[in-house]
Amino acid sequence: MSKISLPEGIMMVLIAAFSDGAEALVSLTGFGIIIGEMINIAVALVLGFWLFMKGGIGSLRGFGIGAGIDFLSGSFLPGKTGGVIASIIKINREAADELEE
């Protein structure tokens, strides 16, 4: 399992934050709901694949919980961003634990 570098983590958090912001804007205006969902699906696939490649199937748990919060809140809370941050922290802690052993 590889550790996630700071620039890589910042780039992925910014992608998730942009997606959450665009989705909240679409939810507030009610305009382009289909476009907002297309953005949501595309970003979720990219971030999910990236997290899977970095940390395996276990790293998707935090992202899935964040995406669920995002869905249940009507896209007003930054759930995907929080899920990505939680997954990055989990992956880096597991990588540090493996180095200590």
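## As for the confidence of the model for the chain
On average, the chain scores 80 in pLDDT, and the residues at 70 or more come to 94%. Here helix α3 (residues 60-72) is the element of the chain with the lowest mean pLDDT, 75, and helix α1 (residues 6-29) is the one with the highest, 86.

## Let's talk about the pattern of salt bridges
A complete count under the given rule lists four salt bridges for this structure. Among the ionic pairs, Lys-54 bridges to Glu-8, the shortest N-O distance being 3.4 Å. Note that Lys-54 is positioned in helix α2 (residues 33-55) and Glu-8 in helix α1, a separation of 46 residues in sequence. According to the relative accessible area criterion, Lys-54 is buried, its value standing at 18%. Residues Asp-20 and Lys-80 are paired through a salt bridge, measuring 3.2 Å at the closest nitrogen-oxygen approach. Of the two residues, Asp-20 is situated in helix α1 and Lys-80 in helix α4 (residues 79-100); the sequence distance between them amounts to 60 residues. Each member of the pair Asp-20 and Lys-80 is classed as buried. Salt bridges sharing common partners tie together Asp-20, Glu-23 and Lys-80.

## A short note on α3
In this model α3 runs 18 Å from its N-terminal to its C-terminal C-alpha over 13 residues, within 8% of the 18 Å that 1.5 Å per residue would give. Looking only at α3, the buried set comprises Phe-63, Gly-66 and Asp-70. Angular distribution of buried residues about the axis of α3 spans 60 degrees; they occupy a single face of the element. Among the exposed residues of α3, those pointing more than 90 degrees away from its buried face are Arg-61, Ile-65, Phe-71 and Leu-72.

What counts, and at which threshold
Residues numbered from 1 in each chain as written. Predicted model: local features only at pLDDT ≥ 70, side-chain atom pairs only at ≥ 80, totals over all residues. Heavy atoms only, no water. pLDDT = per-residue confidence, 0-100. Helix = DSSP H or I, 4+ residues; strand = E, 2+ residues; numbered from the N terminus. Salt bridge = Lys/Arg side-chain N within 4 Å of Asp/Glu carboxyl O. Buried < 20%, exposed > 50% of the residue type's maximum accessible area, 1.4 Å probe, protein only. Expected span 1.5 Å × (residues − 1). Arc of directions from axis to C-beta.

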